[in-house]
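# Working through the structure, step by step
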Amino acid sequence: SSGINAEYGLPNLPNLPPDHPCANETNPCTFKIVNGVCLAVIGTLGVILSSAVVILLASGMVKLPGRKSIFIINVAINDVLLSIFGAIRGIGLAKSFPIYREHDGSPSNFCQIYAIVSSLFKNNLSWVLVPLTLDRFIAVVFSTRYNDIVTRRSSVVMVAIPWTMLIALNIADLISLATGQLQMVYSVSQQRCTYSPHRQELEPYLLLLIPMLLILLIYLSIFLVIYRHGIKSGRFFISTTAVIITGLLSTAPEILFMSFHVQASYEVKMVFNVTFFYINGVCNPLIYLASQRRFQNQVVTQI
């Protein structure tokens, strides 16, 4: 049954006792309200800052050499979309919306569709970093052939593959949901719809752990080449490395809590597994601003 307490036993949260204030929507939960407000603020800032990155690069006000803009815009667009859902999620935590569930506690159609669509950008958080990592790999390992390999066409293909894969998966989820093959439950403490426990455990392996390991292996190869040949790292390599590290750190808690069942309190898991996940939309633009003179000059000009 997908009743109101169907969340108990899900691997990403501890089993909350019935008297826990966050286990009952009718009682106020101070932590959930504060956490929701913080998440709403983070999401809103992420939308503003990441949108600014997209506008600056897409309009040509900030020009990066080669095809770098394509990969940065790809990351920034996902950050914008993910931040929108983060802001909505924060508002939902701070104040429960009746549209999230039916009167019997089962998840509403809106809640289920929201969960599937938002998971596209959530799962894409790691995958959008793969093309950026490959670009830096080619720039370091095949520096003399970089312009021949990383063309506009190949860049678009690298960016399109993860989006196509995840969109196809989401369409399959919608079909499975409509036919009853995929089930969701409404999580009271998180105030969102979530997949059944079996799917929840499987998702981080398929959609987060695989791209994370792929990125780490590619970066290991990059650093070995840099070490052996004494290559000096440029500003763009340093900034993209910081962006990739931020992305990996924000997805790591979900893997630890959901796949490896690391034990922690409800509050700790909500901060690191929920709020921290949406921090990229704020951090990435600040990384570009701190490390790229082109962004700094444009900001100064606009001010």
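Look a little higher up for the structure.
Just so it is clear, the structure is predicted and the values come from calculations on it, not from any experiment. (Residues numbered from 1 in each chain as written. Predicted model: local features only at pLDDT ≥ 70, side-chain atom pairs only at ≥ 80, totals over all residues. Heavy atoms only, no water.)

### Considering the layout of surface pockets
Cut-off, in case you're wondering: With a 1 Å grid laid over protein atoms only, a set of points is called a cavity when a 1.4 Å probe fits there but cannot get out and a pocket when it is open yet has protein on both sides within 12 Å along at least five of seven lines; lining residues have an atom within 4 Å of a point. Grid points are joined across faces, edges and corners, and a volume is the space filled by probe spheres set on the points. A helix here means a DSSP run of H or I that spans at least four residues, while a strand means a run of E at least two residues long, and both kinds are numbered starting from the N terminus. Side-chain classes are defined by residue name, with Ala, Val, Leu, Ile, Met, Phe, Trp, Tyr, Cys and Pro counting as nonpolar, Asp, Glu, Lys and Arg as charged, and the others, Gly among them, as polar.
Approximately 210 Å³ is the volume found for the largest pocket. In terms of lining, the largest pocket is formed by 17 residues, of which the most central are Arg136, Lys232, Ser233, Gly234 and Phe237. For the lining of the largest pocket, the elements supplying multiple residues, two or more each, are α4 (129–141) and α8 (235–259). Residues of the lining of the largest pocket, tallied by class, amount to 8 nonpolar, 4 polar and 5 charged.

### Focus on a nonpolar patch on the surface
The criterion, for reference: Put simply, a patch holds well-exposed residues, over 30% relative accessible area, that have no salt bridge, with like charges counted together within 9 Å and Val, Leu, Ile, Met, Phe, Trp or Tyr side chains within 5 Å. Here the accessible surface of atoms and residues is derived via Shrake-Rupley with a 1.4 Å probe, and residues count as covered only by protein chains that are part of the display. Any carboxyl oxygen of Asp or Glu within 4 Å of a side-chain nitrogen of Lys or Arg constitutes a salt bridge here.
Together, Ile245, Leu249, Val268, Val271, Phe272 and Phe276 make up a nonpolar patch on the protein surface, roughly 480 Å² of accessible area in all. Ranked by the residues each element gives to the nonpolar patch, the list is headed by helix α9 (residues 266–275), at 3 residues. Mapped onto the elements, Val271 comes out in helix α9.

### Some details on the nonpolar core
Definition in use: Think of a nonpolar core as a cluster: buried Ala, Val, Leu, Ile, Met, Phe, Trp, Tyr and Cys residues, connected wherever their side-chain atoms sit within 4.5 Å. A 1.4 Å probe rolled over the protein chains alone gives each residue an accessible area, and that area as a share of the maximum for its type sets the label: buried under 20%, exposed over 50%, partly exposed in between. In what follows, a contact means two residues having at least one pair of non-hydrogen atoms within 4.5 Å.
Judged by nonpolar contacts, the single largest core of 55 residues is most densely connected at Leu57 and Ile72. Residues within four places of Leu57 in sequence aside, it is in contact with Val62, Leu64, Ser69, Ile72, Ile73 and Phe295. Listed in part, the 6 residues of the second largest apolar core include Cys111, Ile116, Leu177 and Met184.

### Comments concerning the packing of helix α1 (residues 30–58) against helix α10 (residues 280–291)
Worth spelling out the cut-off: Angles here are taken between N-to-C directions and fall from 0 to 180 degrees, while the axes themselves are lines fitted to C-alpha atoms, restricted in helices to the stretch in contact. Roughly parallel covers angles under 35 degrees, roughly antiparallel covers those over 145, roughly perpendicular covers 65 to 115, and oblique covers all other angles. Two helices that cross are described as forming a left-handed crossing if the nearer one is turned anticlockwise from the farther one by less than a right angle, and a right-handed crossing if clockwise.
Remark: α1 packs on α10, axes separated minimally by 7 Å, with the N-to-C direction vectors making an angle of 40°. Classified by the angle their axes make, α1 and α10 are oblique. At the point where α1 passes α10, the crossing takes the left-handed sense. Across the interface between the two elements, Ile42, Leu45, Gly46, Leu49, Ser50 and Val53 from α1 touch Gly281, Val282, Pro285 and Tyr288 from α10.

### Some words on α9
Going by this rule: This arc is built from the directions going out from the helix axis to the C-beta atoms.
Those residues of α9 that sit buried are Tyr266, Lys269, Met270, Asn273, Val274 and Thr275. Angular distribution of buried residues about the axis of α9 spans 160°; they occupy a single face of the element.

### Some points on the environment of Ala94
For Ala94, the location among the structural elements is in helix α2 (residues 68–94). Overall, Ala94 belongs to the partly exposed group, its relative accessible area being 26%. Linking Ala94 and Phe31, residues 63 residues apart in sequence, is a C-alpha distance of 9.1 Å.

### Some remarks on the packing of aromatic side chains
To keep things clear, this is the line we draw: The criterion for an aromatic pair is that two Phe, Tyr or Trp rings (for Trp, the six-membered ring) have centres within 6.5 Å, with stacked assigned to planes under 30 degrees apart, edge-to-face to planes over 60 apart and tilted to the rest. In our convention, an over-ring charge means Lys NZ or Arg CZ found within 6 Å of a ring centre and within 35 degrees of that ring's normal.
Within this structure, the stated rule accounts for 8 aromatic pairs. With a centroid separation of 6.1 Å and an interplanar angle of 75°, the aromatic rings of Phe137 and Phe142 are classed as edge-to-face. With relative accessibility at 35%, the residue Phe142 sits in the partly exposed group. Each ring, one from Tyr219 and one from Phe237, has its centre 5.9 Å from the other, and the planes form 25°; the classification is stacked. In this pair, Tyr219 sits in helix α7 (residues 197–229) while Phe237 sits in helix α8, placing the two residues 18 residues apart along the sequence. Note on Tyr219: relative accessible area 7%, which makes it buried. A connected cluster of aromatic rings, assembled from ring pairs, spans Phe85, Phe121 and Trp163. Stacked on the ring of Phe277, the Lys or Arg Lys122 has its end atom at 5.5 Å from the ring centre.

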